[in-house]
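Here is what each chain is made of, one letter per residue.
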Protein chains: 2
Amino acid sequence: MDSDSSSITHAAILASGEELVTGRRVDTNSHFIQRRLASIGISVVQCRQVGDGIEELVRCLEELRSVAPLVITTGGLGPTEDDRMRDAVARTAGVPLEEDPAARAELERFFAERGRVASPSNLRQAQLPKGAARLPNPRGTAPGFRVGIDRTSVISLPGVPFEMRGMIDEQVLPWLRPEGGEAIREISLQVVGLPESVLGERIHRWMADPSGPEVAVTAHEAWITVTLWNRDGGPELLKETEKAIRAVLEPHCLSDGYSTLEEEVVNRLIQRGETVSTAESCTGGLAAARLTEVPGASAVFPGAVVTYSNAEKVRNLAVTESDLEQHGAVSETIARAMAEGVRQRCQTTWGIGITGIAGPEGGTPDKPVGTVHVAWSGPAGTIHRRLRLSGPRGVIRLRTAVTAWEQLRQALSVEDRGG
Amino acid sequence: MDSDSSSITHAAILASGEELVTGRRVDTNSHFIQRRLASIGISVVQCRQVGDGIEELVRCLEELRSVAPLVITTGGLGPTEDDRMRDAVARTAGVPLEEDPAARAELERFFAERGRVASPSNLRQAQLPKGAARLPNPRGTAPGFRVGIDRTSVISLPGVPFEMRGMIDEQVLPWLRPEGGEAIREISLQVVGLPESVLGERIHRWMADPSGPEVAVTAHEAWITVTLWNRDGGPELLKETEKAIRAVLEPHCLSDGYSTLEEEVVNRLIQRGETVSTAESCTGGLAAARLTEVPGASAVFPGAVVTYSNAEKVRNLAVTESDLEQHGAVSETIARAMAEGVRQRCQTTWGIGITGIAGPEGGTPDKPVGTVHVAWSGPAGTIHRRLRLSGPRGVIRLRTAVTAWEQLRQALSVEDRGG
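Residues numbered from 1 in each chain as written. Chains lettered and ligands numbered in written order. Predicted model: local features only at pLDDT ≥ 70, side-chain atom pairs only at ≥ 80, totals over all residues. Heavy atoms only, no water.

Whenever I open this one, the interface of chain B and chain A confuses me. Can you help?
Accessible area lost upon the coming together of the parts is a frequently used measure of interface size. Each partner contributes residues to the interface: chain B has 72 residues there, and chain A has 77 residues. Across the interface of chain B and chain A, roughly 6,000 Å² is buried in total on both sides, 48% from carbon and sulfur atoms. Take the side of chain B that touches chain A: its biggest share by element is 7 residues, from strand 2 (residues 43-50) of chain B. Each residue belonging to the side of chain B that touches chain A can be placed in one class, and the counts come to 27 nonpolar, 23 polar and 22 charged. Of the strand pairs in this sheet, strand 2 (residues 43-50) of chain A and strand 2 of chain B are connected by 5 bridges, and their pairing is antiparallel. The partner of Arg48 of chain A across the bridge, within strand 2 of chain B, is Arg48 of chain B. (Contact = heavy atoms within 4.5 Å. Buried area = accessible area lost by both parts, 1.4 Å probe. Helix = DSSP H or I, 4+ residues; strand = E, 2+ residues; numbered from the N terminus. Nonpolar A, V, L, I, M, F, W, Y, C, P; charged D, E, K, R; others polar. Pairing = 2+ DSSP bridges.)

Below you can see the structure in the form of structure tokens.
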């Protein structure tokens, strides 16, 4: 074991393969390696995908050597002509390729066990940069290797995902952290209903503070994730910062211990012994589908209706023909009637009614695409909100469903505090 | 329009965001851009994911300038402190940032339309490198821009996928290939209900044929995509190969012209003047949500019920207490009763009933997690299938919903052919 592997704190990843730059395959290997390294406290600072040209591989290896003390490569270790990672690493290290006797014996055994004979092109896979440590690959024919180039360690692994994953877990992580690694020091907060710019202003001082944890903001289609992590400080500073950030994001932030909005809604309802039902028009079942993704949702969600047509609204809910005629299906009156109707019909504590125009057709100057009415009916009465959303149909539907659950989540947690 | 954009034949991509190197998000934006550029004959030679440190962004921009005459960046254009792509590109170009009056007007209009006022941090988004051409972003607040640095064009786009995608299609591709480019020579076939190994054997000869189009297989959680593309050959060979591959994949392959399963179901129902309704238990509204994602679904889908509890099944559908007692809620009898009940209740041509155990709790030795009964009721009677699915809760639910629509799709297309 090299003496300084445990001092490595950051790494770069180089993935080789024409399919990774021509749109034929997404590089999920790098994502896997990022997570595994994060779990032992090593940050990935750069990932690259390139084809299989040797000049480009050598240039990338040279550049990445100056970026991080550890470079992990995937791909380019196969038996064919276009597998050039062995040559590229050898050239970068300034050493020749040499046959590794143990690698050759392993290859020959692999083929013998399958009643085949290793061909000359297979045997190319036993050639390693001189001085490299072989990393056995029990799941395939291409061994990996590890070689030091000045102060950088280069680890080359095959590109086949299940081979690479096994080698990361069984060989690379134990080499990097023989004592088993530190605990993960990362906290994610999900935030709903706050524009990114407002959020950014509220947490600006922590994002700009070089002495505190790192704070990153990622906008998704219907919510924002704030992630805090801490490479060097202790867990106390991280916890303190989390608490301070939660305080300025109230009430838009999921409560501690929940990883999704719907999970918090289901669990709060269980704690309170309450239930909910939904009546959906423009979201067409999406709100129900999101809630029932949570294991155990059946305890709080006896059922729901999707009333796309006006006839179904009248037949199933407390909606009248005259209200539809007077206000139109997309209106506060109808959303309220749907919420109250489904609550009564399913005998639940809460009822949610959703009606709107998700597009791309159906908008009018008065009610453009993105106009959505949502109503929440509960023990203390019914409240209503009109949303004006933008984006394609799928985004409007998603934002509506998320808003429906977020408002209920807030109602459930405020009442909890008050009681 | 720059005079030499049509001579660009290769490109590099730089994606910025801490979440892309810490294992929190896979960079699917680069994959999208690779495919779109390939469709107009531009090869991507290198992709990079980095965090949001300005020094590293500048270094990457410098290095990528020497790799390709076009560099496309994503991310880092938001309103917060950690959005540094504008500064990095300006520094690389050796120019200051300047407020772009049109960008500012667009931002102010965006906020005014939503009844809000742009904050100072929002207005940072109107700052562009001096001399850059603004690329409007009709779907969000961050405009993109294009700037020439010596002989390289740098195009910076936001990281939010649907904003970025629209700008690629509406602004970047038309700039690169004003004449419209070559025809897109790529065909994707969605395949449902065929194991990947069986599919691989059936199309092996086309995958191994170096004289024909490229053929790639991508397995998703509930379907497989087969992609064919052809950079140099004519469209005839591609069309011929597609036809031959379709023939060996029948009946598991979407019909020509449809890009999703649910789109084909909705459109076939519209053509036939028919309708469908669903009664869902374990999928909790997911089948309805997937169908109603298709624009125009309201014409064929008046409504649906989610009957999670037994009481709701009895009250809403043709389900009896004695059947529930005798067969259990997860049974052929109940699935059939749900399908027939919802068909009658909603007065639709077709009715689909779904009941099963999605897990992780609720399995028994007799009915393990993944046991799902689906029934399809139509003019000629009711058919039923028992599924035995594996995977986590979300995957079991997704596979069930997809199977429900795939079976109906096949019924609708067989009858079409027969009639």
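What follows picks up the thread again.
Quick question: what am I supposed to make of the sheet that holds strand 6 (residues 133-135) of chain B here?
Strand pairs in the sheet, formed through backbone hydrogen bonds, run parallel or antiparallel to each other. If you walk across this open sheet you meet the 12 strands as 6(A)-7(A)-8(A)-3(A)-1(A)-2(A)-2(B)-1(B)-3(B)-8(B)-7(B)-6(B), and the pairing is mixed. The open sheet has two edge strands, strand 6 (133-135) of chain A together with strand 6 of chain B, and neither has a second partner. Across this sheet, the average inter-strand angle for adjacent strands is 20°, counted without regard to direction. The pairing of strand 1 (residues 10-16) of chain B with strand 2 of chain B spans 7 bridges and is classified as parallel. The residue bridging Leu14 of chain B from the neighbouring strand is Arg48 of chain B, located in strand 2 of chain B. (Axes fitted to C-alpha atoms, helices over the stretch in contact; angles between N-to-C directions.)

Help me understand the domain arrangement of chain A in this model?
As assigned here, chain A comprises domain 1 (5-176), domain 2 (186-249) and domain 3 (263-418). Measuring from the centre of the C-alpha atoms in domain 1 of chain A to the corresponding centre in domain 3 of chain A gives 52 Å. (Domains from an automatic or database assignment.)

Any chance you could explain the packing of helix 1 (residues 28-39) of chain A against helix 6 (residues 161-176) of chain A here in plain terms?
Packed helices, taken two at a time, are described by their axes: the angle between them and the distance between them. All names here are of chain A. Taken N-terminus to C-terminus, the directions of helix 1 and helix 6 make an angle of 25°; their axes are 11 Å apart at the nearest point. Considering their axes alone, helix 1 and helix 6 lie roughly parallel with respect to each other. Seen from above, helix 1 lies across helix 6 with right-handed handedness. Seen from helix 1, the contacting residues are Asn29, Phe32, Ile33, Arg36 and Leu37; seen from helix 6, they are Pro161, Met164, Arg165, Ile168, Asp169, Leu173 and Leu176. In terms of residue class, the contact of helix 1 with helix 6 is built from 8 nonpolar, 1 polar and 3 charged. (Parallel < 35°, antiparallel > 145°, perpendicular 65-115°, else oblique. Left-handed = near helix turned anticlockwise from the far one by under 90°.)

Would you take a moment to explain the state of the cysteines for this structure?
Here a disulfide denotes a covalent bond joining the sulfur atom of one cysteine to the sulfur atom of another. Throughout the structure, instances matching the rule amount to 0 disulfides over all chains. A disulfide-free cysteine, Cys60 of chain A has its sulfur positioned 10 Å from the sulfur of Cys60 of chain B, the nearest such atom. Classification of Cys60 of chain A by relative accessible area gives buried; the value is 1%. Here Cys282 of chain B stays unpaired: no disulfide links it, and the sulfur of Cys346 of chain A, its closest cysteine neighbor, is 18 Å away. (Disulfide = S-S within 2.5 Å. Buried < 20%, exposed > 50% of the residue type's maximum accessible area, 1.4 Å probe, protein only.)

Please clarify how the pattern of salt bridges should be interpreted in this entry.
One side chain can pair with another of opposite charge once the charged atoms of both are near each other. Per the counting criterion, the structure on display carries 51 salt bridges over all chains. The partner of Arg336 of chain A in a salt bridge is Glu332 of chain A, and the shortest N-O contact between them spans 2.8 Å. Linking Arg336 of chain A with Glu332 of chain A, this pair stays in helix 14 (residues 332-346), spanning 4 residues, or about one helical turn. Exposure remark for Arg336 of chain A: the relative accessible area of 26% places this residue in the partly exposed category. Residue Glu332 of chain A is classed as partly exposed on the basis of its relative accessible area, which comes to 34%. One salt bridge connects Arg134 of chain B with Asp100 of chain B, and the closest N-O pair in it is separated by 3.8 Å. You can see Arg134 of chain B sitting in strand 6 and its partner Asp100 of chain B sitting in the loop between strand 4 (97-99) and helix 4 (101-113), a full 34 residues away along the chain. (Salt bridge = Lys/Arg side-chain N within 4 Å of Asp/Glu carboxyl O.)

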